[in-house]
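Letter by letter, the chains look like this.
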Amino acid sequence: VISGTWQTLLSVAGEEQRPCGPWSEVCEYTDDDVHYLEIEQSWTGGIVLQRQIMLVRDDRCLLLADAVLTSDESRASETSIQYNSRLPLAPPLDVVPEPETRDVFLDDGRRRALVIPLAASEWQVGPTNATLTSSQDRNLVLSAKGNGRLFAPLWLDFQQRRFKRKRTWRQLTIGDQLRIVGLDEAAGFRVQIGAEQWVVYRALAEQSCRTVLGKHLNAGFFASRFDPSDGSHDEVVTVDDSEFPDD
């Protein structure tokens, strides 16, 4: 469904930034259930762009995500970031937006994929920190804003039997020693389509023991299938970023 160059535009405090180094691999993991790849690139303005691709094989789901981090931790919370990403659609796919929510379908006469911008508010009315649109030159355009650091994930569902089911997604509250964690420290999301649910967590600041949807984590990244009947998590993948010190 995506064919071409994944482009990213970044502005820090209103000034456009540019890549200043090659992509390098951070982590790669594969098993029968999941394939996960994480790469990163240095940018001007003290920015590091980390890109994640996670394919959940049996679930026919794909996570495409960028994390925008800063190398100057002392000024992280003071820096406003504007993020724009362009993903070119493979022909003959078109974007078909939902009338009331911010998710879209990719369609070539038949629905092929559901795309959910996890950092965006579900309903089109009301404020949001992220938006998903399409351009005239056939690109999916994901825009997001934040302070210091941000996480911009897209969740793609290719399982057509789920397309007519009710769905919802939410940004989750994350706790750290009785304190609610800010969006520049970590981000967590829950996706529900029919009876199936998934959880995605990403640390953006120093790795710490945090709690999200009843799960205690000391990891850089975590994804799971969530069972609301007993609150259990069926782990898909956990990435323990060894460059962060443990508390």
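Residues numbered from 1 in each chain as written. Predicted model: local features only at pLDDT ≥ 70, side-chain atom pairs only at ≥ 80, totals over all residues. Heavy atoms only, no water.

## Some remarks on the overall build of the protein
And then number 1: When you go through the protein residue by residue, the secondary structure sums to zero helices and 22 strands.
And then number 2: Scaling as 2.2 N^0.38, a compact globule of 247 residues should have a C-alpha radius of gyration of about 18 Å, and the protein matches this with 17 Å.
And then number 3: Over its C-alpha atoms, taken along the principal directions, the protein stretches across nearly 50 × 45 × 40 Å.
And then number 4: For the protein, contacts bridging at least 24 residues in sequence account for 54% of all contacts bridging at least 6.
And then number 5: Looking at the protein as shown, the accessible area adds up to about 12000 Å², and 48% of this sits on carbon and sulfur atoms.
And then number 6: Computing the positive centroid from 26 side-chain charges and the negative centroid from 38, the protein places the two 9 Å apart. (Helix = DSSP H or I, 4+ residues; strand = E, 2+ residues; numbered from the N terminus. Rg over C-alpha atoms; globule rule 2.2 N^0.38 Å. Contact = heavy atoms within 4.5 Å. Areas by Shrake-Rupley, 256 points an atom, 1.4 Å probe, with all protein chains shown as cover. Lys, Arg positive; Asp, Glu negative; His and termini not counted. Charge placed at Lys NZ, Arg CZ, Asp CG, Glu CD.)

## A look at the confidence of the model for the protein
Close inspection of predicted coordinates is inappropriate in any region flagged by low pLDDT.
And then number 1: Model confidence for the protein is summarised by a mean pLDDT of 93, while 94% of its residues fall at 70 or above.
And then number 2: This stretch, residues 243-247, has a pLDDT under 50; its non-local contacts, to residues over four places away or in other chains, come to 10 contacts. (pLDDT = per-residue confidence, 0-100.)

## A short note on the nonpolar core
And then number 1: If you look at the biggest cluster of nonpolar residues, it comprises 60 residues, and the most contacted ones within it are Met54, Tyr83, Leu140, Trp155 and Phe221.
And then number 2: Here the element with the most residues in this core is strand β6 (residues 61-70); it accounts for eight residues.
And then number 3: When residues no more than four places from it in sequence are discounted, the contact partners of Trp155 are Met54, Cys61, Leu62, Leu63, Leu114, Val115, Ile116, Leu118, Val191, Trp198 and Val200.
And then number 4: Counting 11 residues, the second-largest nonpolar core is a separate cluster that includes Ile174, Val181, Ala203 and Phe226. (Core = buried A, V, L, I, M, F, W, Y, C linked by side-chain atoms within 4.5 Å. Buried < 20%, exposed > 50% of the residue type's maximum accessible area, 1.4 Å probe, protein only.)

## Re the side chain of Gln197
And then number 1: Summarising the element assignment, Gln197 is placed in strand β18 (residues 196-203).
And then number 2: With residues near it in sequence (within four places) discarded, Gln197 still touches Arg190, Val191, Gln192, Ser224, Arg225, Phe226 and Pro228.

## Things to note about the environment of Ser208
And then number 1: Here Ser208 lies in the loop between β18 and β19 (210-212).
And then number 2: Sequence separation between Ser208 and Ala223 is 15 residues; the distance between their C-alpha atoms is 17 Å.
And then number 3: A polar contact is formed between the side chain of Ser208 and the side chain of Asp176, at a distance of 3.1 Å. (Polar contact = N/O pair within 3.5 Å; in protein donor to acceptor, adjacent residues only side chain to side chain.)

## A closer look at the pairing of strand β13 (residues 150-157)
And then number 1: The element β13 is largely enclosed, with a buried count of eight among its eight residues.
And then number 2: Here β13 shows a buried face lined by Leu150, Ala152, Leu154 and Leu156 and a second buried face lined by Phe151, Pro153, Trp155 and Asp157.
And then number 3: One ladder, built from eight bridges, connects β6 with β13; its direction is antiparallel. Counterpart to Ala65 in the pairing with β13 is Pro153.
And then number 4: Strand direction decides the pairing type here: strand β10 (residues 111-117) and β13, joined by four bridges, are antiparallel. (Pairing = 2+ DSSP bridges.)

## Considering the sheet that holds strand β4 (residues 34-43)
And then number 1: What the eight strands build is an open sheet, ordered β3-β4-β5-β6-β13-β10-β9-β8; its pairing is antiparallel. Where the open sheet ends on each side, the last strands, each with one partner, are β3 (24-30) and β8 (94-97). The mean inter-strand angle of the sheet, taken between neighbouring strand axes irrespective of direction, is 20°. (Axes fitted to C-alpha atoms, helices over the stretch in contact; angles between N-to-C directions.)

## Points about the sheet that holds β19
And then number 1: Taken in spatial order, the four strands make up an open sheet running β16-β15-β19-β20, and their pairing is antiparallel. Strands at the two margins of the open sheet, each flanked by one partner only, are β16 (179-180) and β20 (215-217).
And then number 2: Relative to β19, strand β15 (residues 174-176) runs antiparallel, the two sharing two bridges. Across the sheet, Ile174 pairs through a bridge with Val212, a residue of β19.

## Here we look at the pattern of salt bridges
Proximity of charged atoms lets side chains of opposite charge pair with each other.
And then number 1: Under the counting rule described, the total for this entry stands at 20 salt bridges.
And then number 2: Linking Glu98 and Arg167 is a salt bridge whose minimum nitrogen-to-oxygen distance equals 2.8 Å. A residue pair is termed long-range when its members are at least 10 positions apart, and Glu98 in the loop between β8 and β9 (104-107) and Arg167 in strand β14 (residues 167-171) qualify at 69 residues.
And then number 3: On the accessibility criterion, Glu98 (18% relative accessible area) is buried. (Salt bridge = Lys/Arg side-chain N within 4 Å of Asp/Glu carboxyl O.)

## Some words on the side chain of Arg162
And then number 1: Considering the arrangement of structural elements, one finds Arg162 in the loop between β13 and β14.
And then number 2: Side-chain polar atoms of Arg162 contact the side chain of Glu196, separated by 3.1 Å.
And then number 3: Discounting residues that sit within four places of it in the chain, Arg162 has contacts with Asp59, Arg60, Cys61, Asp157, Ile193, Glu196 and Trp198.

## Quick notes on the environment of Cys20
And then number 1: Inspection of the secondary structure puts Cys20 in the loop between β2 (15-17) and β3.
And then number 2: The sequence separation of Cys20 and Trp43 amounts to 23 residues, and the corresponding C-alpha distance is 5.0 Å.
And then number 3: What Cys20 contacts, discounting residues up to four positions off in sequence, is Ser42, Trp43 and Thr44.

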